[in-house]
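# Residue-level structural notes
Below are the chains, spelled out letter by letter.
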Amino acid sequence: MSTHQSFMQRHQFLIRRLHSLTGILPIGVFLIAHLVTNSSLAWGWFALKGRGGAEGLSVSEGGVQYFAHEVTYLNTQVPHLFLIEVTLWAAIAFHSILGFYYAMGGQGNLPHYKHQDNFRYTLQRLSGYFGIAFIFYHVATLRWGWSFLVPNGTEWSHHWSASTLAAALQGSSEGWTAMGVVVSLFYFLGVSLLVFHFANGLWTAAITWGLTVSEHAQKRWGYVCAAVGVGLMLASWGALAGAMTVDYDEAQAIEASIQGSHEVPAEQLDVHTQNDGHTLQTAEADPEG
Amino acid sequence: MGAAQASIIGAEERKANRAVAVEGRSVIFKIKRCDGPGKPWRWESFKVPTEPGSNVISSLRHIAANPVTVDGKETTPVVWDSGCLEEVCGACTMVINGRVRQSCSCLIDEYAPREGDEIVLEPMSKFPVIRDLWVDRTRMFNALERVKAWVPIDGTYNLGAGPQEDHDHQQMRYALSECMTCGCCLEACPQFIKKEHEDQWESSFIGPQAISQARLFNEHGTGKRLKDERMDTLTGPGGIQDCGNAQNCVKVCPKGIPLTESIAAIGRSATIHSIKKFFTGK
Ligand code: SF4
Ligand code: SF4
Ligand code: FES
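Residues numbered from 1 in each chain as written. Chains lettered and ligands numbered in written order. Predicted model: local features only at pLDDT ≥ 70, side-chain atom pairs only at ≥ 80, totals over all residues. Heavy atoms only, no water.

## Describing the overall build of chain A
Within chain A, the regular secondary structure consists of twelve helices and zero strands. Contacts in chain A between residues at least 24 apart in sequence constitute 69% of all its contacts with a sequence separation of at least 6. (Helix = DSSP H or I, 4+ residues; strand = E, 2+ residues; numbered from the N terminus. Contact = heavy atoms within 4.5 Å.)

Structure below.
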């Protein structure tokens, strides 16, 4: 037996509990925040309207306005953003590598024991596999700038958050392409499975940690988790539906106005301009719609 | 409580079958056979006449008396294990039509109501096969030893009267005490993996049966003196952390033992035990 293996074995319990914990904190908490932000593409207009700021905007435009504002805020005003991101990536790597390793150790038997819980067990593993592939693609293309993986090579930038997201999902900045449909479908499956994975994980974590012991308690907590799951599912679908209906040129116009009006000091914006020079130049070269 | 619960899925269907069962019919038993540890396995089918109320064991007896396959080939009698014949010893557990259960209580009318219907018998897949349908469940008893599933009363002095027990607590423990070490829960558990050799048992998932028995004795007034040792085992390699919450175990347990509640209860003890150990343990 290698020392590596015996280390894993000696600390099996602790590592598994950490695996359970990381699924909720930070990953689950981030997931909630992320989906709330992104779904503002769908509900942003209503929020603006509440503040009396939605005049003259369509629902889609209002969503873009709100979302772009949020994203600009997160990317420019949140302190230690890079540290937060690296922590998150490390947690995801830990959770998924261990999850993969554990899932390999099980022997699914759904065809013989067709219970709802056994289905959950199986789907939890499948959604983990699919989910990590999706997260990797999602982060690599929209965060790390691996634009060669995006149809037509759109590069996401937080200055042009809604428009470049829409172009990545729709397949081009001119509207839908066949590849765009494929990417969007991949997103739809990815986010839906991940939301299930989180809701189900939240349910089983309560058993793992011994919070819900009796069958009734497990059932009650199950309703709570189902509600969380449904809520996040709606948020994720809202975000996708929002991004799929964004008009690239309209969004660019709104984003350009936000950059102009945002209280970010000019020098700071310049730094970003250099970083994302390519995208910005493209936008500047664009006739204004 | 307990045994009265129909915990195996498909109860409705079985009841319906019983109502339409044809009298005086013959049914086919397709049996997965193996002559001994490490030997190859094969399928053999036998035609068996039914009688009112006949079950899998009575049919296996018929086969043992006439070991001739449906193709007229003479073969060896099929070997199986059994004891009580009333679903309390667990010895006769096998996989019937793809699902694990006791064979002594498995009525032919419920599974094969029409002439020529087939019943498939296989040995449990998570335990080493001794021969045909007979498996070696030693690992389960080894697991009981590992979690010290007993009450420590041996000593050099009189321990005095036993602890007082209230009614509800006694009822809860009674349900757990009904376990007959049959192995259904382990057979159905996707996290419990077959290990042929004893030296692999210690590091592989111990399974819901022993987890539930550990809870039974942790809950006993005197038995709880060994709780820390039990929790050391259950937070060690192959302990409670290997459960994947598929909850198959609770659905196949013929005794209706609340295994998932036991798993959660031991999960809670494990949480407390490990925190306590982190701050105060060696
Ligand atoms: S709940 Fe745990 S012990 Fe029971 S079948 Fe599922 S994985 Fe196995
Ligand atoms: S817990 Fe139930 S299924 Fe498991 S060994 Fe005991 S009686 Fe059999
Ligand atoms: S022979 Fe004892 S349970 Fe079947």
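Now, onward.
## Comments concerning the site of ligand 2
In the vicinity of ligand 2 lie 14 residues, with B:C179, B:C182, B:G183, B:C185 and B:C253 positioned nearest. Taken together, the residues of the shell around ligand 2 sort by class into ten nonpolar, three polar and one charged. (Near = heavy atom within 4 Å. Nonpolar A, V, L, I, M, F, W, Y, C, P; charged D, E, K, R; others polar.)

## As for the interface of chain A and chain B
Listed by partner, the interface residues are 30 residues for chain A and 38 residues for chain B. Interface area lost by chain A to chain B is led by A:F13, A:Y113 and A:H115, which between them contribute 24%. Our enumeration of links across chain A and chain B arrives at two salt bridges. Among the ionic pairs, A:D117 bridges to B:K251, the shortest N-O distance being 2.5 Å. (Buried area = accessible area lost by both parts, 1.4 Å probe. Salt bridge = Lys/Arg side-chain N within 4 Å of Asp/Glu carboxyl O.)

## What about the pairing of strand β2 (residues 41-49) of chain B?
All names here are of chain B. With nine bridges connecting them, strand β1 (residues 26-34) and β2 associate as antiparallel partners. Across the sheet, K30 pairs through a bridge with S45, a residue of β2. Linking β1 to β2, which pair antiparallel, is a turn of six residues; within it G38 sits at a positive phi near 80°. (Pairing = 2+ DSSP bridges.)

## Examining helix α5 (residues 81-105) of chain A
The terminal C-alpha atoms of α5(A), which comprises 25 residues, lie 36 Å apart, in line with the 36 Å expected from a rise of 1.5 Å per residue. Listed as buried for α5(A) are A:E85, A:L88, A:A91, A:I92, A:H95, A:L98, A:Y102 and A:A103. (Expected span 1.5 Å × (residues − 1). Buried < 20%, exposed > 50% of the residue type's maximum accessible area, 1.4 Å probe, protein only.)

## Description of the environment of B:L216
Residue and element names in this part refer to chain B. With respect to the secondary-structure elements, L216 resides in helix α8 (residues 208-218). By relative accessible area, L216 is classed as buried at 5%. Placed 66 residues apart in sequence, L216 and W150 show a C-alpha to C-alpha distance of 9.2 Å.

## Considering the site of ligand 1
In the region of ligand 1, 13 residues are neighbours, and B:C189, B:C243, B:A246, B:Q247 and B:C249 sit closest. Counted by class, the shell around ligand 1 contains eight nonpolar, five polar and no charged residues.

## Here's the deal with the pattern of salt bridges
One side chain can pair with another of opposite charge once the charged atoms of both are near each other. Residues and elements named next belong to chain B. A full pass over the atoms with the stated rule returns 19 salt bridges over all chains. R18 is the salt-bridge partner of E110, the closest N and O atoms lying 2.4 Å from each other. Taken as a pair, E110 in helix α3 (residues 108-111) and R18 in helix α1 (residues 11-20) lie far apart in primary sequence, 92 residues in all. Relative accessible area serves as the criterion here: at 9%, E110 is assigned to the buried category. Accessibility expressed as a relative area gives 41% for R18, which makes it partly exposed. Linking D109 and R25 is a salt bridge whose minimum nitrogen-to-oxygen distance equals 2.8 Å. With D109 in helix α3 and R25 in the loop between α1 and β1, this pair connects stretches of sequence that are 84 residues apart. Here R25 falls in the buried class, since its relative accessible area comes to 2%. Among the charged side chains, a network of salt bridges with common partners joins R33, D35, R42, E44, K73, R131 and D132.

## Things to note about the side chain of A:N118
Here A:N118 shows up in helix α6 (residues 116-142). Engagement of the side chain of A:N118 in a polar contact is seen with the backbone oxygen of A:Y113, the distance being 2.7 Å. Ignoring any residue separated from it by four or fewer positions in sequence, one finds A:N118 in contact with A:N109, A:L110, A:Y113, B:P190, B:A246 and B:N248. (Polar contact = N/O pair within 3.5 Å; in protein donor to acceptor, adjacent residues only side chain to side chain.)

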